Amino acid sequence: MRIAWISDFHANHLFGEVRRLFTNSLKDQADALILSGDICESAELIETLYMFNSEFKKPIYFVLGNHDFYQSSIQETRSEVASFADSQNKLLYLTSHSFIELSKDTAIVGHDGWADGRYGDFDKTNVVINDFILIEELQRYDRDLYTGKITLDKPYLRGVLQRLGDEAAGHFEQMLPSVVKKYKNVIVVTHVPPFCESAVFEGKQTDDNWLPFMACKATGDVLLDIAKKNPDCKITVLCGHTHNRCVIDITSNLRVMVAQAEYGKPMIQDILDIV
């Protein structure tokens, strides 16, 4: 089986014909598809997933990224997407699954994930990301009527970000122990890089100002612990979010691959050969 990996597709930055031609071109290159989040924004998300499913016509394993929840809520979007995926042949929302076997030696496990604010300096950062303006659960801020300056409710946001990170980590902590004992290779799909070392911008690790929003420490801690306890299983993490390519071996059996991305220019990150 050959699986094409795509991340940060951002369909809302593409003309309809470009979307269709790109997804249609994938059929001759792969037997299955992995999407590691930021597929579109919420208003067009179902339409875009339907397009992928109808054009590709082969298994699609996917998670959602932060942009997929823009102009909506996390809870409502996940519920809608899970229901839609269940109604479609070959469209598999990994957050709703325990694991999926790809071959006798390889399985795939996934969760949307979230940057949990535990890396970097959340208290001192002056960064205001669009998540805090456009996602219902994160909308807790004041805007000065004269200057337009936004002041975040950081104690509230810290709690929400950590809860979202812990949710992803809990999914992997629950699902992976039995999977890594059964399979020699496990593909982990999530949107946000799980280690600060894998959150890279222009060839350098993201600084403390941006790190709170670029990686998920809770997920990284779980993956590292499981990898150390199961040295005979190779774990490969596929993620995106930063738009900067990075491949890093955290341990001899734990590799993190972060996708390169550019708005308006969809690309295949890699073709994985599954035996």
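Quick note: structure is the one above.
Residues numbered from 1 in each chain as written. Predicted model: local features only at pLDDT ≥ 70, side-chain atom pairs only at ≥ 80, totals over all residues. Heavy atoms only, no water.

Caption draft 1: The arrangement of the packing of helix H1 (residues 16-25) against helix H2 (residues 42-56) in detail. At a closest axis distance of 8 Å, the pairing of H1 and H2 adopts a crossing angle of 40°. Judged by the inter-axis angle, H1 sits oblique to H2. For H1 against H2, the interelement crossing comes out right-handed. Of the residues in H2, those touching H1 at Arg19, Arg20, Thr23 and Asn24 are Glu44, Glu47, Thr48, Met51, Phe52, Glu55 and Phe56. Its residues assigned to classes, the contact of H1 with H2 comprises 3 nonpolar, 3 polar and 5 charged. (Axes fitted to C-alpha atoms, helices over the stretch in contact; angles between N-to-C directions. Helix = DSSP H or I, 4+ residues; strand = E, 2+ residues; numbered from the N terminus. Parallel < 35°, antiparallel > 145°, perpendicular 65-115°, else oblique. Left-handed = near helix turned anticlockwise from the far one by under 90°. Contact = heavy atoms within 4.5 Å. Nonpolar A, V, L, I, M, F, W, Y, C, P; charged D, E, K, R; others polar.)

Caption draft 2: How the structure looks around H2. Over its 15 residues, H2 extends 21 Å from the first C-alpha to the last, a length consistent with the 21 Å expected when each residue adds 1.5 Å. Within the sequence span of H2, burial applies to Ser42, Leu45, Thr48, Leu49, Met51, Phe52, Asn53, Glu55 and Phe56. Buried residues along H2 sit against H1, strand S2 (32-36), strand S3 (60-63), helix H3 (74-87) and strand S4 (91-93). Positive backbone phi, at 65°, marks Lys57, one or two positions downstream of H2. (Expected span 1.5 Å × (residues − 1). Buried < 20%, exposed > 50% of the residue type's maximum accessible area, 1.4 Å probe, protein only.)

Caption draft 3: Seen up close, the layout of surface pockets. Estimated volume of the largest pocket: approximately 570 Å³. Surrounding the largest pocket, 31 residues form its lining, Ile129, Trp210, Met214, His241 and Thr242 being those nearest its centre. Going through the elements one at a time, strand S10 (200-201) and strand S11 (204-205) are the ones with two or more residues in the lining of the largest pocket. In this model, the second largest pocket occupies a volume close to 250 Å³. As for the second largest pocket, its lining consists of 13 residues, and the residues nearest its centre are Ile187, Lys234, Thr236, Leu272 and Ile274. (1 Å grid on protein atoms, 1.4 Å probe; cavity = no way out; pocket = protein on both sides within 12 Å on 5 of 7 lines; lining within 4 Å. Points joined across faces, edges and corners; volume = space filled by probe spheres on them.)

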